[in-house]
Amino acid sequence: MDIKKEVLKIISDSKRKLNPIEIIKHIKEDYSAEDLRVVLDAIDELCKEGLIRSNSGNTYFKNNLLYGTIDVHEKGNAHLLMKDKEDIYIKSSLTMGAHDKDKVLVDMVDKKKNEGRVVKILERSLGKGIGEVYNDNGVLKIKPTEELPYNLVVDTNNIELIDGLLVKLKYVKDIDSNNVLAKVDYVIAHKNAPDYDTRMIASEYDIKVDFSEKALEEAKKMPAFLTEEMIEEGFKEGVVDLRNKPITTIDGKDTKDIDDATLTEILPNGNYRLLVAIADVSRYVKRGSALWEEAEIRGNSNYLGDKVIPMLPIELSNGICSLNENSDRFSLVCDMEIDHSGNVVNSSIYKALIRSRKKMNYDAVQDIIDNKETEDTKDYTTLSYTASLGETLESIGYLYGLSPSELKEYNKDLDKVEEGTEINIPVKAMVKNMLILSRILKSMKKRRGELEFLSDEVKFVFNSDGKVIGIKPHINRDAENIIEDFMIAANEEVAKKCPFIFRVHGEPFGKAIREFMEFLSYQGIVYKGKLSADNVTNKQLQELMEFLKNKLPYEKYKAYNNKLLRCMQKAFYSTENIGHFGIASTMYTHFTSPIRRFSDLLLHTSITEFIINKNTEKKNINDWASYLSVMCKHISETERTSNDAEYEMDDLLTAEYMEGYDKDGTHIGGHVGEEYDAVIDTCMPQAFFVKTNTYVEGRVNLAHEEGFYKYDEKSMSYSKNGKTVLRYGDIVRVKCISASKERRQVDFALVKKAS
């Protein structure tokens, strides 16, 4: 539990001022002196941050000033970054000298215009907060790895300095207007360490890399496999045995932490049965344990290039929790009956024991869909189904859309079907049914207004040295869509039956939509369809996107599609349901990835606690309600942090690919000096960013270009001598003039606008 967040919530929710004893009693009725000390420390920190205030009676109340991080722009104006609402605008004259990313308190000066002023600077930003130990004429010192707007004085007590060591710095106080005192928080890595890049970026975003000793000890005690005694104990608890079913997983070839497995069958009434089995992590990771605490802190696994910072140790993530091929695993199942319109007409959620019959991969499944016989598909012939009492070749074949004679082709030596008989089910038939159901679900979501934004996600190709040698787009084919559609169906159904945590996505702000429509008009695009910016619907945006798709060349449409995506709000976690605008869902959650997302582990634990074990005592309900509310805010923040860290790593790897690298005195790779076609996809007054046809993003600095370019923000265009010469979405020819892995930046020069 984050005690500071909990104390702040208690004070914020109270209608009167509270003293420390009243505050701690909200957390723990039976508290110790140590518990009280922890709460008092949290109160002291919250007061220093300006989030709460006290009066002479030693009682505390929430400060109505806004607390957050300031984002200072080139011209000196700024915004206070807000998590769940529109950012607050701050004029340059009202920033009180705050620097970019400082923590500040802001008072509103004009609520109608959403403008504020800085009233206090609480903490100076140290940028990325990284220091490097260097040798200054025989004396080891620490310097920041980036330029800061003030002199940084680092307290080096209690740390052994080694040349080349990277450390995380923590702000202490302002010494004066030009000097800031910092201390070493922890050691990151040596700059020559093999995992230096990963640890560096993780540190910049305060992502925890190493597990605590207690968590590692708990992990080592986990079973490597399920014994008969464990299985029998599970059956006594009501676990359903599904090991006779040809349940499979479909993932990337290198995936080791397998959360989900699926099965599609045809029911006697012609409807489909979709069974989504998810790893029962909650059986092993209990609230209050060191493993739970580690998962809570992280919030999710982090994927930085070819490295993974897991939410759970590998003994669980790759071991007893992972739904590995031919291994008995406990799971939580969402079992659905779906009609031919894509509606779930019946469902149940229960604990089950499964045995994945095959670890299938996306490439092989796609080859099967495309009717290709490849190296990937050579061992994808049949999967085993264990017959139950009373089943026949006809009844089993019907489940997978096969006649008895068709099924007999794969079971030629079979004389009769008895209980326990192993029946070979052709993989092609199973994949065919999965694809049909996936398309039914996709069609249903499109009818209700699901928005299909184009993905900018890329995959990096690494060589044996761990260096980037290629960049490829991440493409969702039918194989990937099958799993995505099945997981969405399960997430929606679980949200309806288990309303504990929701994955919510609000409709876009009217201002953002109005600005987008104004932007279109500046491009000469006239849209006559119905669209209400202040109350926009999914269907209206869906129709607008279809209009743009039909009107624009693909590359320009992709840029416009991306710009519209930026108008959307961010999805987040909440105990209050507002629906999910992006997928046009009235009720949605995250159920399907408890190995890598704490939200899903929270949900699984809640299902076990309240629905399966029926532990519905009022005190328990109140405790969980308070805890889930705090956790939803926390995991929404960790998710955003992870996304930012992943983008940062993408920038680093892209720069590495373009710069090349040195090995044994030889420069290898690199693409500086090469020309590319590219699309303008971000515009600023002094520069614009492009994405090349090789999926590289970089900057064109207009100050280095010939002549003066005047920027018009509303039309996102550049004019030269009074004539518009460049616009957002234009295709241009660019040349890479520099690339720096250290700066994580690629620079291009404009060659010409493509004809």
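I will try to describe carefully the structure that is included in this document.

Cut-offs and rules
- Residues numbered from 1 in each chain as written.
- Predicted model: local features only at pLDDT ≥ 70, side-chain atom pairs only at ≥ 80, totals over all residues.
- Heavy atoms only, no water.
- Helix = DSSP H or I, 4+ residues; strand = E, 2+ residues; numbered from the N terminus.
- Rg over C-alpha atoms; globule rule 2.2 N^0.38 Å.
- Buried < 20%, exposed > 50% of the residue type's maximum accessible area, 1.4 Å probe, protein only.
- Contact = heavy atoms within 4.5 Å.
- Areas by Shrake-Rupley, 256 points an atom, 1.4 Å probe, with all protein chains shown as cover.
- Axes fitted to C-alpha atoms, helices over the stretch in contact; angles between N-to-C directions.
- Parallel < 35°, antiparallel > 145°, perpendicular 65-115°, else oblique.
- Nonpolar A, V, L, I, M, F, W, Y, C, P; charged D, E, K, R; others polar.
- Phe/Tyr/Trp six-rings, centres within 6.5 Å; stacked < 30°, edge-to-face > 60°.
- Lys NZ or Arg CZ within 6 Å of the ring centre and 35° of its normal.
- Pairing = 2+ DSSP bridges.
- Arc of directions from axis to C-beta.
- Polar contact = N/O pair within 3.5 Å; in protein donor to acceptor, adjacent residues only side chain to side chain.
- Salt bridge = Lys/Arg side-chain N within 4 Å of Asp/Glu carboxyl O.

Broken down by element type, the chain carries 18 helices and 37 strands. Here the C-alpha radius of gyration of the chain, 29 Å, is about what a compact globule of 755 residues would show, namely 27 Å. In the chain, which comprises 755 residues, the share counted as buried stands at 49%. Sequence-distant contacts, at least 24 apart, represent 65% of the contacts inside the chain between residues at least 6 apart. Just so you have it, the chain exposes about 37,200 Å², and 47% of that area is on carbon and sulfur atoms.

Attention now moves to the packing of helix H9 (residues 362-369) against helix H13 (residues 478-497). Any two packed helices are characterised by the angle at which their axes cross and by the distance between the axes. Contact geometry for H9 and H13: axes closest at 8 Å, N-to-C directions at 110°. Accordingly, the angle class assigned to the pair H9 and H13 is roughly perpendicular. On H13, the residues that touch Tyr362, Val365, Gln366 and Ile369 of H9 are Asp478, Ala479, Glu480, Ile482 and Ile483. Partitioning the contact of H9 with H13 into residue classes produces six nonpolar, one polar and two charged.

Notably, Asp206 is not glycine yet its phi reads approximately 55°, a positive angle. Take Asp206: its relative accessible area is 59%, and that puts it in the exposed class.

Counted by the stated rule, this structure contains 13 aromatic pairs. Among the aromatic residues, ring-to-ring pairing joins Phe500, Phe610, Trp624 and Tyr627 into one connected group. Lying over the aromatic face of Tyr134, Lys143 brings its terminal NZ or CZ to 5.0 Å of the ring centre.

Our focus in this paragraph is the sheet that holds strand E6 (residues 103-110). Reading around the barrel, the five strands line up as E3-E4-E5-E7-E6 and close back on themselves, with mixed pairing between neighbours. Across the sheet, the axes of successive neighbouring strands diverge by a mean angle of 50°, strand direction being ignored. The pairing of strand E5 (residues 88-90) with strand E7 (residues 115-123) spans two bridges and is parallel. Looking at the pairing, Tyr89 lines up with Glu115 of E7.

Once that is clear, we can look at the sheet that holds strand E31 (residues 687-692). Overall, mixed pairing links the five strands, which are arranged E30-E31-E32-E37-E36 in a closed barrel. Neighbouring strand axes in the sheet, compared pairwise and without regard to direction, differ in orientation by 55° on average. Looking at chain direction, strand E36 (residues 731-740) and strand E37 (residues 745-753) are connected through eight bridges and run antiparallel. From the neighbouring strand, Ser740 faces E37, where its bridge partner is Gln745.

Another aspect to go through is the environment of Lys170. Inspection of the secondary structure assignment puts Lys170 in strand E11 (residues 165-174). As a C-alpha pair, Lys170 and Lys183 span 13 residues in sequence and 5.3 Å in three-dimensional space. Residues contacting Lys170, with those up to four places away along its chain left out, are Leu126, Leu181, Ala182, Lys183 and Asp185.

Summarising the sheet, strand E34 (residues 717-720) and strand E35 (residues 723-727) pair through four bridges and their orientation is antiparallel. Counterpart to Lys720 in the pairing with E35 is Lys723. In this antiparallel pair of consecutive strands, E34 and E35, the connection spans two residues, and Asn721 shows a positive phi of 55°.

Right, let's talk about helix H2 (residues 20-27) for a bit. Along H2, the residues classified as buried are Pro20, Ile23 and Ile24. Summarising the axial view, the buried residues of H2 lie within an arc of 90°, below the 170-degree limit, and thus occupy one face. Packing partners of the buried residues in H2 comprise helix H1 (3-13), helix H3 (33-48) and strand E2 (60-62). For H2, the side-chain oxygen to backbone nitrogen distance between the N-cap and Ile21 is 3.0 Å, and the N-cap itself is Asn19.

This part covers the pattern of salt bridges. The full count for this structure, using the stated rule, is 63 salt bridges. When the shortest N-O distance is used, the salt bridge between Asp259 and Arg596 registers 2.6 Å. Here Asp259, found in the loop between strand E14 (248-251) and strand E15 (260-266), pairs with Arg596, found in the loop between strand E27 (572-574) and helix H17 (598-612); they are 337 residues apart in sequence, far enough to count as distant. The exposure class of Arg596 is partly exposed, given its relative accessible area of 22%. Its salt-bridge partner being Arg439, residue Asp478 comes within 3.1 Å of it at the nearest N-O pair. Taken as a pair, Asp478 in helix H13 and Arg439 in helix H12 (residues 427-448) lie far apart in primary sequence, 39 residues in all. For Asp478, a relative accessible area of 24% puts it in the partly exposed group.

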